[in-house]
Amino acid sequence: MSVVLEGRNITQDYHIGGGLFGASKTVQALKGVSFSVEKGKTLAIVGESGSGKSTLARIIALIDAPSGGDLLIEGQPVNIALKRPDPVLRSKVQMVFQNPYGSLNPRQKIGSVLMEPLVINRPAIAAEERRALAEAMLVRVGLGPEHFNRFPHMFSGGQRQRIAIARALMLNPSLLVLDEPVSALDLSVQAQVLNLLADLQEEFGLTYVFVSHDLSVVRYIADDVMVISQGLAVEQGKREAVFANPTDAYTRQLFAATPVTDVEAIRARVAKRQAAREAAGAPR
Amino acid sequence: MALLKIRNLTVRFATSTGSFTAVDGIDTEVDRGEVLAIVGESGSGKSVSMLAVMGLLPDTATITADEMSYDGHDLLHMTKAERRQLIGREITMIFQEPIASLNPSFTVGFQIEEVLRLNLGMSRRDAHARALELFRQVGIPLPEEKLTSYPHQMSGGQCQRVMIAMAIASKPRLLIADEPTTALDVTIQKQILDLLMDLQEEYGMALILITHDMGVVAETADRVVVQYQGKKMEEADVLSLFEAPKHPYTRALLSALPENATGDRLPTVSDFFGEAVR
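The shown structure was predicted, so the numbers you read here are calculated from the model rather than taken from an experiment. (Residues numbered from 1 in each chain as written. Chains lettered and ligands numbered in written order. Predicted model: local features only at pLDDT ≥ 70, side-chain atom pairs only at ≥ 80, totals over all residues. Heavy atoms only, no water.)

1. Things to note about the pairing of strand β7 (residues 91–94) of chain B
Residue and element names in this part refer to chain B. This is how it is decided: Per-residue accessibility, obtained with a 1.4 Å probe over protein chains only, is compared with the maximum for each type, and a residue is labelled buried under 20%, exposed over 50%, and partly exposed between these values. Secondary structure is summarised from DSSP: a helix means a run of H or I of at least four residues, a strand means a run of E of at least two, and numbering begins at the N terminus for each. Pairing between two strands is assigned when DSSP locates at least 2 bridges connecting them.
Burial of the side chains of β7 extends over both faces: Ile91 and Met93 are buried on one face and Thr92 and Ile94 on the other. Across four bridges, the pairing between β7 and strand β8 (residues 174–178) is parallel. In the sheet register, Met93 faces β8, and the bridge partner there is Ile176.

2. What to know about the packing of aromatic side chains
Residues and elements named next belong to chain A. Just so we agree on the cut-off: Two aromatic rings, drawn from Phe, Tyr or Trp (for Trp, its six-membered ring), form a pair once their centres lie within 6.5 Å of each other, and the interplanar angle then sorts them: stacked below 30 degrees, edge-to-face above 60, tilted otherwise. Either the NZ atom of lysine or the CZ atom of arginine qualifies as a charge over a ring when it sits within 6 Å of the ring centre and within 35 degrees of the ring normal.
Applying the stated rule across the entire model yields three aromatic pairs over all chains. Aromatic pair Phe243 and Phe255: ring centres 5.1 Å apart, planes at 15 degrees, arrangement stacked. One end of the pair, Phe243, is in helix α8 (residues 239–244); the other, Phe255, is in helix α9 (residues 249–257), and 12 residues separate them in sequence. Lying over the aromatic face of Phe148, Arg131 brings its terminal NZ or CZ to 3.9 Å of the ring centre.

3. Focus: the sheet that holds strand β10 (residues 223–228) of chain B
All names here are of chain B. Rule in force here: Lines fitted to C-alpha atoms define the axes, with helix axes restricted to the stretch in contact, and inter-axis angles between N-to-C directions lie between 0 and 180 degrees. Residues are treated as being in contact if the distance between any of their heavy atoms lies within 4.5 Å.
Strands sit in the order β7-β8-β9-β3-β10-β11 across an open sheet of six strands; the sheet is mixed. Strand pairing shows two members of the sheet lacking a second neighbour, β7 and β11 (231–237), which therefore form its edges. Within the sheet, the average angular offset between the axes of one strand and its neighbour, ignoring direction, is 15 degrees. Judged from the six bridges that link them, β10 and β11 form a sheet pairing that is antiparallel. The residue bridging Tyr228 from the neighbouring strand is Lys231, located in β11. Packed on one face of the sheet, helix α7 (residues 156–168) meets β7 and β8 and runs near 175 degrees to β7. Against the sheet, helix α11 (residues 248–255) makes contact with β10 and β11, and its axis sits at roughly 100 degrees relative to β10, the strand it touches most.

4. Concerning the sheet that holds strand β4 (residues 68–73) of chain A
All names here are of chain A. In spatial order, the strands read β2-β1-β4-β5; together these four strands make up an open sheet with antiparallel pairing. Both edges of this open sheet fall to β2 (24–38) and β5 (76–78), since each of them pairs with a single strand only. Recorded for the sheet is a direction-independent mean angle of 30 degrees between the axes of neighbouring strands. Pairing of strand β1 (residues 3–17) with β4, which is carried by five bridges, proceeds in the antiparallel orientation. Considered in β4, the bridge of Thr11 is made with Gly68. Packing of helix α1 (residues 53–60) onto the sheet brings it into contact with β1, β2 and β4, and relative to β2 it is tilted by some 65 degrees.

5. Topic: the interface of chain A and chain B
Worth spelling out the cut-off: The term buried area denotes the loss of accessible surface (1.4 Å probe radius) that occurs when two parts are joined, taken as the sum for both partners. Salt bridge, as used here: a side-chain nitrogen of Lys or Arg that lies within 4 Å of a carboxyl oxygen of Asp or Glu. Counting of polar contacts relies on pairs of N or O atoms within 3.5 Å, with two restrictions inside protein: one atom must be capable of donating a hydrogen and the other of accepting it, and residues adjacent in sequence are counted only when both atoms are side-chain atoms. Polar here means any residue outside two lists: the nonpolar Ala, Val, Leu, Ile, Met, Phe, Trp, Tyr, Cys and Pro, and the charged Asp, Glu, Lys and Arg; Gly therefore counts as polar.
In this assembly, 30 residues from chain A lie in contact with 40 residues from chain B. Approximately 3,300 Å² of surface area, both sides summed, lies buried where chain A meets chain B, with 54% of it carried by carbon and sulfur atoms. For chain A, the biggest contributors to the area lost against chain B are Leu187, Thr261 and Arg273 of chain A; these three give 20% of the whole. Scanning the region where chain A abuts chain B turns up three salt bridges. Residues Glu243 of chain B and Arg267 of chain A are paired through a salt bridge, measuring 2.6 Å at the closest nitrogen-oxygen approach. Applying the counting rule to chain A against chain B returns 13 residue pairs in polar contact (both at pLDDT 80 or more). Every element with two or more residues in the side of chain A that touches chain B is listed here: α6 (187–204), α7 (215–221), α9 and α10 (263–280) of chain A. Looking at side-chain class alone, the side of chain A that touches chain B contains 13 nonpolar, nine polar and eight charged residues.

Spatial relationships are all this shows, so hold off on functional conclusions.
See below:
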């Protein structure tokens, strides 16, 4: 299996403040993170707010340049601080954002949203063919050609996230960075979008970097899991290994905090509550 | 006798495209000291029905019910003055976005002391002492220092603790929590839920927890109401609901949980709904 994405000791520092008199401060958002993802696999990056997971997602998606470390895409070192990504490289990596309400321009029709990446990166494609490609992609993500001329406000959250995924796939990327793609969605819609992502991965051989704070979603979709906390990867490994036997204290804490819907656990809790009530002599 | 009793509650909103029914004939009861979870997805009317109880809906809403009463008081035909005696004292509420619920221009100490002075008629000095006590009770670190902090200087979890401190200040008998942990990280969510459950037991207050998260329901509720598109789908005690969900929509919700996934694909609601709801 070929490695699509590799990161070696990636760091990111943010410089804050340093006004007229104040001293500037450096925040180390990432303190050296290494990882690699094989073609067709999903790496899930798990962490809480402030852990640096979105910082890492932005670096992988070639939006921000890291302060240090090496990023390799399909074996080629990439440094966007030295050289702007060309259309070929840009086409390889695409991103889907968390908030499907904020990530689509309210004044741009869906058809135009989907065709724009082609206009910029594939200028040789004729207008008619562009439109055909966009309509085909709409159908592929579970919408229809009749949605081509509609505006984002006419769609539900789940449909908008499908549009965002369709837009990301227009350039046939090999790597898709998904930053909390289902956390703004209702449970039943979340299930539909996760199914769609699984289907698309199989069909196009896509590699996913899936950023999430939701461990039950990660357990469902990931092949490899990386848990980050305060800019460090505290746990890395295959999904089964991480979930069966977490070695790091923070990972265990994260698992313990995740609510479970296990019937035996509920039975135990209900019994405990009843016992406490009877002990207190509460009328019930 | 039930503490809160709602029979056939309907809430309609007048919109530019006609009337929209957000809550459609809901019956609910909450007993003293009981934890009731209302679960549903967006648009299920779970928040709107509780906002109707609180009298917090805008004028565009039309509320009708056969009965809506709290401890024998008729909430439907109550004057504003009578309502003020109940809301904020006997019945309090906390909301989803803790940081947005607080006024960014005042310190959190000022805001909680304001609640104590206006709602409970305390003097400035008493209010300050009580605020400190409440901050300790809800587990805010360095309470004295934090009283002089502004909301933006605190984390989301701490802001939610401040909101909880305000809500329990009057020792209410009913606390309505609308998605209290949705905006928080899981480890913080656990702390806040534990705090709410501890306070609930300590004060013996009834707690209505509005949530979309089945995991939260499993870890807190005594009884559960499942709502979908403004209608009640199922009502059961928590154990029976998870053990043997009766309504197809409840089954759909439970099996759409990624942790319950058995095969390669997650079942979706449409897999469960034949003609059941439509």
